[in-house]
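# Structural overview
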Amino acid sequence: MSIENQDDFLRTAVRRYGPFVLRRCRAILRDPALAEDAFQQTFLTFTRWLQTQPETPDIEKVGGMVLTMAERTSIDLYRRRQRQERDMHDLTVSEKPSAGKWLYVDQLLDRLTPRERRIVELSVYGGLTAPEIARDLGLTPGAVRVAKLRALDKLKSIVQDDVTMRGGLGDE
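Residues numbered from 1 in each chain as written. Predicted model: local features only at pLDDT ≥ 70, side-chain atom pairs only at ≥ 80, totals over all residues. Heavy atoms only, no water.

### Concerning the overall build of the protein
This is how it is decided: Going along the chain from the N terminus, every DSSP run of H or I of four or more residues is numbered as a helix, and every run of E of two or more is numbered as a strand. Exposure categories follow from relative accessible area, calculated using a 1.4 Å probe and restricted to protein chains: below 20% of the type maximum is buried, above 50% is exposed, and the middle band is partly exposed. Residues are treated as being in contact if the distance between any of their heavy atoms lies within 4.5 Å. Here the Shrake-Rupley method, with its probe set to 1.4 Å, supplies the accessible areas, and only the displayed protein chains count as covering residues.
What the protein contains, in helices and strands, is seven helices and zero strands. Sorting the 172 residues of the protein into buried and exposed places 30% on the buried side. Of the contacts formed within the protein by residues at least 6 apart in sequence, a portion of 63% connects residues at least 24 apart. Total accessible area computed for the protein in this model is approximately 11200 Å², and 55% of it derives from carbon and sulfur atoms.

### Some remarks on the pattern of salt bridges
Cut-off, in case you're wondering: The term salt bridge refers to a pairing of a side-chain nitrogen on Lys or Arg with a carboxyl oxygen on Asp or Glu at a separation within 4 Å.
Scanning the model with the defined rule gives ten salt bridges in all. For Arg16, the salt bridge is made with Glu60, and the minimal N-O distance between the two is 2.4 Å. Remark: Glu60 occurs in the loop between helix H2 (32-51) and helix H3 (63-93) and Arg16 occurs in helix H1 (residues 3-29); sequence separation between them is 44 residues. Arg16 gets classed as partly exposed once you look at its relative accessible area, which sits at 33%. Put simply, Arg24 and Glu71 hold a salt bridge, and the shortest N to O gap is 2.3 Å. In this pair, Arg24 sits in helix H1 while Glu71 sits in helix H3, placing the two residues 47 residues apart along the sequence. Note on Arg24: relative accessible area 28%, which makes it partly exposed. By relative accessible area, Glu71 is classed as partly exposed at 29%. The network of salt bridges with common partners includes Asp106, Asp110, Arg117 and Glu121.

### Focus: H2
This is how the line gets drawn: What a helix should span is 1.5 Å times the count of its residues minus one. Polar contact criterion, stated in full: a pair of N or O atoms within 3.5 Å, where within protein one must be able to donate a hydrogen and the other to accept it, and residues adjacent in sequence count only if both atoms are side-chain atoms.
In a regular helix each residue adds 1.5 Å, so 20 residues correspond to 28 Å; H2 covers 29 Å between its end C-alpha atoms and thus fits that length. Of all the positions in H2, only Leu34, Ala35, Ala38, Phe39, Thr42, Phe43, Phe46, Thr47 and Leu50 are classed as buried. By the N-cap criterion, in which a side-chain oxygen at the helix start approaches the backbone nitrogen of a residue two or three places on, H2 is capped by Asp31, the distance to Ala33 being 3.1 Å.

Geometric descriptors of this kind do not, in isolation, establish any biological role.
Shown next, in the form of structure tokens:
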């Protein structure tokens, strides 16, 4: 498929399905700014998909897929926003971690492989989903989920060993 053909196809898809996508994003998110973000992300995802196709698909047959992409993108953004709001609330309500606890967390993360550490950081601190991390690291979402679970299990085991040896987790 040529670039011009892709561009024309994408313009046609945005013109034809854009209003439906935006309406679906607004209905799910109930936030105009976030709905705009979801709209743009939907068509970015659609563009990536389109580039993987050996031939130009039939414009009549992609509408359902575009709307499904819009729903999933909107739900992901909604969940990420909820997670971020919850995390911010937890930080303001609970005690802020001391420097000693942050140092301990950093030392724990140093005991992971670089890939495991990056996956945990992107997931826990960045609030990214497995597909987003997979895209950033060039992995499949399934591989990201498995690596994250293994890394968290490894961290849990290390912490349990430390607690057993120290008799607790103090600040130092």
